[in-house]
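Architecture and fold: a report
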Amino acid sequence: MTENLFIQFASTGVQSLTPYQPGKPIEELEREYGVENAIKLASNENSLGPSPLALKAMDYILKGVSRYPDGSGFLLKSALSSHLGVNPEYITLGNGSSDLLDFIARIFISESYEVLYSQYCFALYPLLTKIQSAQGREIPAKNFGHDLTAMAAAISDRTRLIYIANPNNPTGTWLSHNELESFLDSIPKHVFVVLDEAYYEYVDEENYPRSINWLNRYHNLLITRTFSKVYGLAGLRIGYGLSHPDLADLMNRVRPPFNVNNLALAAALTGLEDQEHIQRSLKVNREGMKQLVEAFTQLGLAYIPSVGNFITVDMGRPARVVYESLLRKGVIVRPIANYGLPNHLRITVGTREENTFFIQSVRQVLEAI
Ligand SMILES: *Cc1c(COP(=O)(O)O)cnc(C)c1O
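Residues numbered from 1 in each chain as written. Predicted model: local features only at pLDDT ≥ 70, side-chain atom pairs only at ≥ 80, totals over all residues. Heavy atoms only, no water.

**Re the UniProt feature "modified residue: N6-(pyridoxal phosphate)lysine" (unreviewed entry) in the protein**
The UniProt entry lists Lys 229 under the feature "modified residue: N6-(pyridoxal phosphate)lysine" (unreviewed entry), expressed in the numbering used here. Among the residues examined, Lys 229 registers a relative accessible area of 14% and is labelled buried. (UniProt positions renumbered as here; feature names shortened; annotations may be inferred. Buried < 20%, exposed > 50% of the residue type's maximum accessible area, 1.4 Å probe, protein only.)

Right, dumping it as structure tokens:
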């Protein structure tokens with residue numbers, strides 16, 4: 001590609017950016033490779049889709065799209081408030097939880113500040129840091145997860161923001177209540193901590209943080225959650241932040257007034273009410289995770305134990321080749337060389353049928369190598 005005509009006029013942070021690489025859409029694969037019935041286990045979406053009730057709600061609301069949405073998200077915030085036991089003034093709605101990750105960066109960081117995140121962190125954290133022309137510091141991981149001791153030790157007067165995903169994507173590692181609590185205790189007042197809980201519904205661990213209890217104790221904490229994963233609404237773009245009301249107030253100042261659309265509001269509200277669908281989805285995930293782990297063990301592939309709806313597996317060779325061969329069979333998974341893991345693939349847990357097709361395909365690909 002030739003040099004971008006306008007790059008010299010962009011901010012120093014933007015000059016250092018490369019575009020985010022999303023998972024390949026199914027339609028694109030079918031078009032490019034001429035395969036049919038392709039499956040996508042690449043973007044940690046819910047294979048069951050959204051609640052049927054959410055689909056119905058959207059159908060009903062469709063005629064209303066000529067109107068601007070409720071910019072305050074009153075109904076959804078009330079529902080979240082009673083579902084979570086948090087006052088509505090603690091809640092900020094986002095166009096996906098990515099929106100919240102962006103708002104907090106825009107509020108607190110600029111050229112003279114530092115942002116901390118872990119090695120193997122979610123790709124958006126360094127990206128948002130660069131957009132603000134701030135200094136990102138990647139702290140080496142411990143067992144593929146966050147090294148909180150090293151992160152706390154790296155804090156300086158210039159540090160303003162720390163991004164932590166729990167569980168982490170793409171590694172699926174997690175931090176316990178006590179580990180995170182000691183970490184939060186050690187954080188100075190001028191540093192804000194984002195606790196990204198995009199996959200919290202999936203975690204079935206007794207010592208997983210009850211992070212909402214921290215909101216009244218740590219006023220520099222932002223918890224982010226999403227309807228993109230277990231709620232199956234990734235395409236609608238809706239998520240939320242939980243924080244001290246003064247932090248929520250700042251986020252509402254930078255938030256575009258109609259950042260969450262009518263359909264997303266209605267689907268999230270109805271989705272929240274259908275907890276049976278969530279339980280079904282969690283069951284499919286538990287069984288699917290077991291199926292994948294057993295297959296990896298049989299195939300002699302090392303994997304990183306994951307508490308999310310995805311698992312990262314070491315192919316023992318450059319994973320690009322396996323990824324390409326899987327594409328030709330109609331299976332989309334996620335290469336994560338851009339995360340510094342060139343031999344690993346990240347697989348989203350699918351339905352039993354999808355997992356079976358994936359496992360068969362990997363077996364064939366490995367036998368052919
Ligand atoms: C998927 C994901 C998100 C969610 O992004 P949305 O904007 O809510 O779709 C946030 N953080 C992590 C770590 C994720 O994997």
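Okay, back to it.
**Some points on helix α11 (residues 275-299)**
Relative to the 36 Å expected for 25 residues at 1.5 Å per residue, α11 spans 36 Å between its end C-alpha atoms, a close match to the ideal helical length. Of the residues making up α11, those classed as buried are His 277, Ile 278, Ser 281, Leu 282, Asn 285, Gly 288, Met 289, Gln 291, Leu 292, Val 293, Ala 295 and Phe 296. In this structure, the buried residues of α11 make contact with α3 (52-61), β9 (302-304), β10 (310-314), β13 (341-348) and α13 (352-368). Remark: Gly 300 follows α11 within two positions and exhibits a positive phi of approximately 70°. (Helix = DSSP H or I, 4+ residues; strand = E, 2+ residues; numbered from the N terminus. Expected span 1.5 Å × (residues − 1). Contact = heavy atoms within 4.5 Å.)

**Observations concerning the sheet that holds strand β12 (residues 334-336)**
Reading across the sheet, the four strands line up as β9-β10-β13-β12 and stay open at both edges, with antiparallel pairing between neighbours. Since the sheet does not close on itself, it has two edges, and those belong to β9 and β12, each with one partner. On average, each strand axis in the sheet is inclined to that of its neighbour by 35°, with strand direction left out of account. Two strands pair when backbone bridges link them, and β12 and β13 are joined in this way by three bridges, in the antiparallel orientation. The residue of β13 that forms the bridge with Pro 335 is Leu 345. Sheet contacts for α11: β9, β10 and β13; angle to β10, the most-contacted strand, approximately 5°. (Pairing = 2+ DSSP bridges. Axes fitted to C-alpha atoms, helices over the stretch in contact; angles between N-to-C directions.)

**Describing a nonpolar patch on the surface**
On the surface, Leu 5, Phe 6 and Phe 9 cluster together to form a nonpolar patch covering roughly 420 Å² of accessible area. Looking at the secondary structure, you find Phe 9 in the segment before α1 (12-15). (Patch = residues over 30% accessible without salt bridge, like charges linked within 9 Å, V, L, I, M, F, W, Y side chains within 5 Å. Areas by Shrake-Rupley, 256 points an atom, 1.4 Å probe, with all protein chains shown as cover. Salt bridge = Lys/Arg side-chain N within 4 Å of Asp/Glu carboxyl O.)

**Quick notes on the sheet that holds strand β2 (residues 91-94)**
Read across the sheet, seven strands follow the order β2-β8-β7-β6-β5-β3-β4 without closing on themselves; strand pairing throughout is mixed. At either margin of the open sheet sits one strand with a lone partner, and together these are β2 and β4 (135-139). Put simply, the sheet's adjacent strands are angled 20° from each other on average, direction ignored. Across five bridges, the pairing between strand β7 (residues 221-226) and strand β8 (residues 239-243) is antiparallel. Residue pairing across strands places Arg 225 opposite Tyr 240, the latter belonging to β8. Here helix α6 (residues 124-131) sits on the sheet and contacts β3 (114-118), β4, β5 (159-165) and β6 (192-196); the angle it forms with β5, its principal contact strand, is near 155°.

**Notes on the domain arrangement of the protein**
According to the domain assignment, the protein contains domain 1 (22-49 + 276-368) and domain 2 (52-273). Centre-to-centre, using C-alpha coordinates, domain 1 lies 26 Å away from domain 2. Contacts between the two partners involve 26 residues from domain 1 and, on the opposite side, 25 residues from domain 2. Together, the buried faces of domain 1 and domain 2 total about 2000 Å²; carbon and sulfur atoms form 66% of this surface. The largest contributions to the domain 1 side of the interface with domain 2 come from Ile 278, Val 307 and Tyr 339, which together make up 33% of the buried area. The interface formed by domain 1 and domain 2 includes zero salt bridges. (Domains from an automatic or database assignment. Buried area = accessible area lost by both parts, 1.4 Å probe.)

**Concerning the packing of aromatic side chains**
Scanning the model with the defined rule gives 11 aromatic pairs in all. Seen in terms of ring centroids, Phe 227 and Tyr 231 are 4.8 Å apart; in terms of plane orientation they differ by 65°. Their pairing is edge-to-face. Assigned by exposure class, Phe 227 and Tyr 231 land together as buried. Through successive ring pairs, a cluster of aromatic residues spans Phe 122, Tyr 125 and Tyr 163. (Phe/Tyr/Trp six-rings, centres within 6.5 Å; stacked < 30°, edge-to-face > 60°.)

**Digging into the site of the ligand**
Every residue close to the ligand is listed here: Gly 96, Ser 97, Ser 98, Phe 122, Asn 169, Asp 196, Ala 198, Tyr 199, Thr 226, Ser 228, Lys 229 and Arg 237. Tyr 199 places a side-chain nitrogen or oxygen 2.6 Å from an oxygen atom of the ligand. Compared with its free state, where it exposes 390 Å², the ligand has 93% of that area covered by protein. (Near = heavy atom within 4 Å. Polar contact = N/O pair within 3.5 Å; in protein donor to acceptor, adjacent residues only side chain to side chain.)

**Things to note about the UniProt feature "domain: Aminotransferase class I/classII large" (unreviewed entry) in the protein**
Within the UniProt annotation, "domain: Aminotransferase class I/classII large" (unreviewed entry) is assigned to residues 37-360. This span, residues 37-360, is 38% helix and 19% strand, and a straight line between its end C-alpha atoms measures 15 Å.

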